[in-house]
Amino acid sequence: MFVRLVYESFRRQKRRKLLAGAAITLGVTVATAMIAVATDIGDKINRELRTIGANLLVTPQEDSLDVEIGGVNLKPPSDGAFLDEADLPKIKSTFWHNNIAGFAPMLPVNVKIERDGQQQDVTLLGTYFAKQLSFGKDNFTTGVRSTHPWWRVSGSWPGDNSRDILIGEKLAGRLGEKSGDELSVSGRQFRVSGILSTGATEDDQIVAPLAIAQEILGKPGAVRRVYVSALTKPEDALARRDPKSLSGPMYDRWYCSPYPQSIAYQLQEAIPHSHAEQIRQVAQNEGTVLTRIEGLIFLITLASLLASALAVSAAMATAIFERRAEVGLMKALGASKLAVASIFFAEATLLALIGGLAGFAAGGLLARQVGRSIFDSQIGIQPVLLPVVLVVAVLVTFAGSAAAIRRAVQLDPVFALRGEL
Amino acid sequence: MSTPPATSASSDSARNLAASRSQGPHTSMFLRMLLRAAVLRRGRATSALLAVVVAAAAATAMLTLFVDVQAKLQREFRNFGANIIIVGRDGASLPADTLPRVESTLTGRGLVAPFAMVVARTSDGQPVVVAGTDFDRVRQLDRWWSVDNWPSAPQQALIGVRVRSTISSSAAAATSQPFDLIFQGHVIHLRPAGTVQTGAAEDSRIYLSLSDFFAWTGVQASTIEVAANGSADEVTAIMHQLSQAVPAADVHPVRQIVEGEARVLGKTRSTLVAATVLIILTAGLCVLSTLMGWVFDRRRDFAIMKAMGASQRLLNGFFAAEAAALGATGAVIGFIVGIGIAAWIGRVNFHAPIEPRFGVLPIVVAVSIAVTLLSAILPISLLRHVQPAVILRGE
């Protein structure tokens, strides 16, 4: 009888059930989509923040002091220590290798360029553009095109194994060089594949594949510094502690959190004779920006959850108020308060489950759509969320119906049947 | 209903009576029905009102946040430091009046810090980059500099962490013992005040105050860093004004910062738009479903009024007025709640107040009245052709 009552109520009152069900579905859709976006937004914004540039710098441990003004290094190029290029793929062996978005080695060399019989001193910067590397079974591409996304080239990017070079736009302006021209650098002929514009000191320099800089310097495998772009977690009190002073479990927690400090520490372990440090301008500030945006989306999600819960409650309350006559009839026929209430609660549960399922599916699609159209990447939804969302949907529906059900049940059947009140 | 007076002598008062009869009782009856409907069906009216309030509050909060949050995030991005750099053409020093000119062009729309640089030698002949700057300004502009103690007196220097071993044999001595620097035969005697660490080129430099630096080397500032406030368009405008104010210099954006900021802000804005649209749409649809249920449920009232001779126009007017009153009340309450939510989010997340935007109020009121009207009119027009007798008999 109970099952039949509930079944018939769904079969006959399609409009009412549809309205209440639609409210629940919509509420769950928005809640699911917002939760999915909120849990993923940190990672997504972190990746966007990487466009501000590398946040870690690896230098040789025993390096001599840089004497650099306006991008011109007055230190003799062969002076000081170097890192070994062969060690670089080991960056991918660190604990947080999945968080390393990219790295670019740099080797500045002082060169002489010859133009109409006149000699000129400029800096040639050797680097990776989009170099194919492999570590173990891992194949990956890295270089300035991912770590320095604000570098722009008119013409084409040189290949990492080619003899092509880029000329900074200011230098090119002075020399009257265009892409496709030939340039003689320290007695060697190179083809200029493009003009580089960065808005910084590289505009006065020549940028070439790393191998060319090493050849000119006469030190194969030499790298002066490596810029590493890593996805990090905003630093907190633990991050600022000295790892040497931490106890065992605290040290493990520190080591296994993607703080800029701990990733730098791991880079230092991976690359022999190196010193890694966070570039504070980027690392410190991206932490605050990230915290703010994450906090904002979190609070908005909270507010939207509250709004959908209230909206669902209002819809449920209305749906139950409509059925006072029915309650009166049931009670007149001898149904107990408990029986009436349990019918309503059963209906509410059924509605919440159906609406919750539909809403979860729709919310997942919505989150994917948001991820694809805004961030050009997937926003996944954890299946673990489904039971949570369903339970919350049922609870909210119950909470919304409870007051209305109580009033309906306490109604005198006589008044209810006569349509009064 | 008011009782008409039994007698009336003058035609004048008769006309008045006719007028008051055709209008007065109708109007007061109309209002009374509206009010009584709200009071008698408190529960129903409250739940319908709740739906409107929630929708209006969500809309108000999102619209208020949407405008303010971008300004707040832009301010966060200014912690990344300069977004405009002014340098002398071809490495030359800037004219002495550049800084005041830049300041007067900016008129408080940003922060400025001048830098001058030379290569000097330590007493044992090691080359080192020495920079002159204004410490108070740098402190404001480059907040990521990790400095243990800022210089406060003349002849005090800030030492980059990597320079310590160059000026002294031990790191501890470098931060306490006085040292000499030589530039083109001129010697300056300095005391270290503290060390600076940034992870970048600053670590390999020694910083002095600009006045000490000029007295020692005679070199003027060659670079001015500007952190201009505002949106991308405003920053571009400021850059344009600056290049006109100092024609002798090159003014260019720090692309790294400007482009990164634009990207992150753009994505955040899109996420906010998506969230705003979603939330407003859901809340609106919930209002629609709640109100439609409510109006549909009152088909008995509708039938009785119709049976007593009310015209379809009057009925439409009645339900429309009821819906509009509900929409307006809900919108105003929702607006207040929404402002509260926006202010709370601003305080918790940005530690700064978010100004209420009263321009949002008319939009919220208009839209919520439109939604409530729609949700009242839809069921009424469905019931239009139904005979009152059918409804009253409960079929």
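What counts as what
Residues numbered from 1 in each chain as written. Chains lettered and ligands numbered in written order. Predicted model: local features only at pLDDT ≥ 70, side-chain atom pairs only at ≥ 80, totals over all residues. Heavy atoms only, no water. Helix = DSSP H or I, 4+ residues; strand = E, 2+ residues; numbered from the N terminus. Buried < 20%, exposed > 50% of the residue type's maximum accessible area, 1.4 Å probe, protein only. Contact = heavy atoms within 4.5 Å. Areas by Shrake-Rupley, 256 points an atom, 1.4 Å probe, with all protein chains shown as cover. Rg over C-alpha atoms; globule rule 2.2 N^0.38 Å. Lys, Arg positive; Asp, Glu negative; His and termini not counted. Charge placed at Lys NZ, Arg CZ, Asp CG, Glu CD. Salt bridge = Lys/Arg side-chain N within 4 Å of Asp/Glu carboxyl O. Polar contact = N/O pair within 3.5 Å; in protein donor to acceptor, adjacent residues only side chain to side chain. Nonpolar A, V, L, I, M, F, W, Y, C, P; charged D, E, K, R; others polar. Phe/Tyr/Trp six-rings, centres within 6.5 Å; stacked < 30°, edge-to-face > 60°. Lys NZ or Arg CZ within 6 Å of the ring centre and 35° of its normal. Arc of directions from axis to C-beta. pLDDT = per-residue confidence, 0-100. Pairing = 2+ DSSP bridges. Patch = residues over 30% accessible without salt bridge, like charges linked within 9 Å, V, L, I, M, F, W, Y side chains within 5 Å.

Some details on the overall build of chain B
If you tally the helices and strands in chain B, you get 13 helices and 10 strands. Buried positions account for 49% of the 395 residues belonging to chain B. Look at the contacts in chain B between residues 6 or more apart in sequence, and 79% of them connect residues 24 or more apart. Of the roughly 18,500 Å² of accessible surface on chain B, 59% is carried by carbon and sulfur atoms.

Digging into the overall build of chain A
Across its full length, chain A holds 12 helices and 16 strands. Computed over its C-alpha atoms, the radius of gyration of chain A comes to 33 Å, more than 25% above the 22 Å expected for a compact globule of 421 residues. Once the C-alpha set of chain A is aligned to its principal axes, its extents read approximately 110 × 55 × 35 Å. Buried positions account for 54% of the 421 residues belonging to chain A. Counting only contacts in chain A whose residues sit at least 6 apart along the sequence, the fraction spanning at least 24 positions is 75%. In the form shown here, chain A has an accessible surface area of approximately 18,200 Å², with 58% of it arising from carbon and sulfur atoms. Considering chain A, the positive charge centre built from 44 side chains and the negative charge centre built from 40 side chains are found 14 Å apart.

Description of the interface of chain B and chain A
Of the residues lining the interface, 70 residues belong to chain B; the matching set on chain A comes to 71 residues. Here chain B is connected to chain A by 3 salt bridges. The salt bridge involving A:Arg152 is made with B:Glu259; its shortest N-O contact spans 2.3 Å. Where chain B packs against chain A, one counts 13 residue pairs in polar contact (both at pLDDT 80 or more). Taken together, the elements giving at least two residues each to the side of chain B that touches chain A come down to helix 2 (42-77), strand 2 (110-122), strand 3 (127-133), strand 10 (249-253), helix 9 (255-297) and helix 11 (312-350) of chain B. If you tally residues by element for the side of chain B that touches chain A, the top one is helix 9 of chain B, at 26 residues. The class makeup of the residues in the side of chain B that touches chain A is 36 nonpolar, 21 polar and 13 charged.

Here's the deal with the pattern of salt bridges
Taken as a whole, this structure holds 20 salt bridges over all chains when the rule is applied. We note a salt bridge from A:Arg47 to A:Asp43, for which the minimum N-O separation is 3.7 Å. Here A:Arg47 and its partner A:Asp43 are both found in helix 2 (residues 14-49), 4 residues apart, which amounts to about one turn of the helix. What makes A:Arg47 partly exposed here is its relative accessible area of 43%. Among the residues examined, A:Asp43 registers a relative accessible area of 33% and is labelled partly exposed. The partner of B:Arg263 in a salt bridge is A:Glu48, with the nearest N and O atoms 2.8 Å apart. Placement of the pair is B:Arg263 in helix 9 and A:Glu48 in helix 2, with the two residues belonging to separate chains. Each of the salt bridges in this network shares a partner with another, and the network as a whole consists of A:Arg152, B:Arg255 and B:Glu259.

Some words on the packing of aromatic side chains
In this structure the tally under the stated criterion is 19 aromatic pairs over all chains. Seen in terms of ring centroids, A:Tyr255 and A:Tyr265 are 6.3 Å apart; in terms of plane orientation they differ by 90 degrees. Their pairing is edge-to-face. Taken together, the positions of A:Tyr255 in helix 6 (residues 248-255) and A:Tyr265 in helix 7 (residues 260-270) put the pair 10 residues apart, joining distant regions of the chain. Taken together, a centroid distance of 6.3 Å and an interplanar angle of 5 degrees make the contact between B:Trp145 and B:Trp150 stacked. With respect to burial, B:Trp145 and B:Trp150 carry one shared label: buried. Clustering of aromatic rings is evident, with ring pairs tying together A:Phe95, A:Trp96, A:Tyr251, A:Trp254, A:Tyr255 and A:Tyr265. Of note, A:Lys92 hangs over the ring of A:Phe140, and the distance from its end group to the ring centre comes to 5.0 Å.

Quick notes on unusual backbone geometry
The residue A:Ser186 is not glycine, and still its phi comes out positive at about 45 degrees. Inspection of the secondary structure assignment puts A:Ser186 in the loop between strand 11 (182-185) and strand 12 (188-197). A residue is classified by how much of its surface remains accessible, and A:Ser186, at 31% relative accessible area, is partly exposed. Residue B:Gln184 is not a glycine yet carries a positive backbone phi of 45 degrees. Mapped onto the elements of the fold, B:Gln184 is located in the loop between strand 6 (179-183) and strand 7 (186-197).

Focus: helix 10 (residues 299-307) of chain B
All names here are of chain B. For helix 10, the set of buried residues is Phe302, Ala303 and Met305. Within helix 10, the buried residues cover an arc of 165 degrees as seen down the axis, which keeps them to one side. Following helix 10 by one or two positions, Gly309 has its phi on the positive side, about 105 degrees.

Overview of the confidence of the model for chain B
Predicted coordinates in areas of low pLDDT are best not read in detail. Residues and elements named next belong to chain B. Residues of chain B with pLDDT of at least 70 account for 87%, and the chain-wide mean is 82. In the model, residues 1-10 has pLDDT below 50 throughout and makes 6 contacts with residues more than four positions away in sequence or in other chains. The low-confidence segment residues 18-22 (pLDDT under 50) makes 4 contacts with residues lying over four places distant or belonging to another chain. The ipTM, which scores confidence in the relative placement of chains, is 0.80 for this predicted complex, and the corresponding pTM is 0.79.

As for the environment of B:Val226
Residue and element names in this part refer to chain B. Mapped onto the secondary structure, Val226 falls in strand 9 (residues 223-228). We classify Val226 as buried; its relative accessible area is 0%. Val226 sits 115 residues away from Leu111 along the chain, and the two C-alpha atoms are 5.7 Å apart. Aside from chain neighbours lying at most four places away, what touches Val226 is Ala82, Asn83, Ile84, Ile86, Val102, Leu106, Leu111 and Leu242.

Topic: the side chain of A:Asp164
Residue and element names in this part refer to chain A. Examined against the element boundaries, Asp164 turns out to sit in strand 10 (residues 164-168). Of note is the side chain of Asp164, whose polar atom sits 3.2 Å from the side chain of Arg191. The contacts of Asp164, once residues within four sequence positions are left out, are Pro158, Arg191, Ser193, Pro209 and Ile212.

Side note on the pairing of strand 10 of chain A
Each regular strand shows side chains that alternate between the opposite faces of the sheet. Residues and elements named next belong to chain A. Judged by how many residues are buried, strand 10 sits mostly within the fold: 5 of 5 residues are covered. The alternating pattern of strand 10 places Asp164, Leu166 and Gly168 and Ile165 and Ile167 on opposite faces, both of which are buried. Sheet topology note: the strand 10/strand 12 ladder contains 5 bridges and is parallel. Note on strand 12: the bridge partner recorded for Asp164 is Arg191. Note that strand 10 and strand 13 (residues 206-209) share 2 bridges and pair antiparallel. Residue pairing across strands places Ile167 opposite Ile206, the latter belonging to strand 13.

With respect to the pairing of strand 3 of chain B
All names here are of chain B. Burial analysis of strand 3 places 6 of its 7 residues in the buried class, which makes it a mostly covered element. Inspection of the sheet shows strand 2 paired to strand 3 by 7 bridges, in the antiparallel sense. Looking across to strand 3, one finds that Val119 is bridged to Val129.

Here we look at a nonpolar patch on the surface
A contiguous nonpolar patch, built from A:Phe298, A:Leu302, B:Trp344 and B:Val348 and spanning about 380 Å² of accessible area, is present on the exposed surface. Put simply, the parts of the chain that give the nonpolar patch at least two residues each are helix 8 (280-321) of chain A together with helix 11 of chain B. Relative to the helices and strands, B:Val348 resides in helix 11. Given the relative accessible area of 41%, B:Val348 is considered partly exposed.

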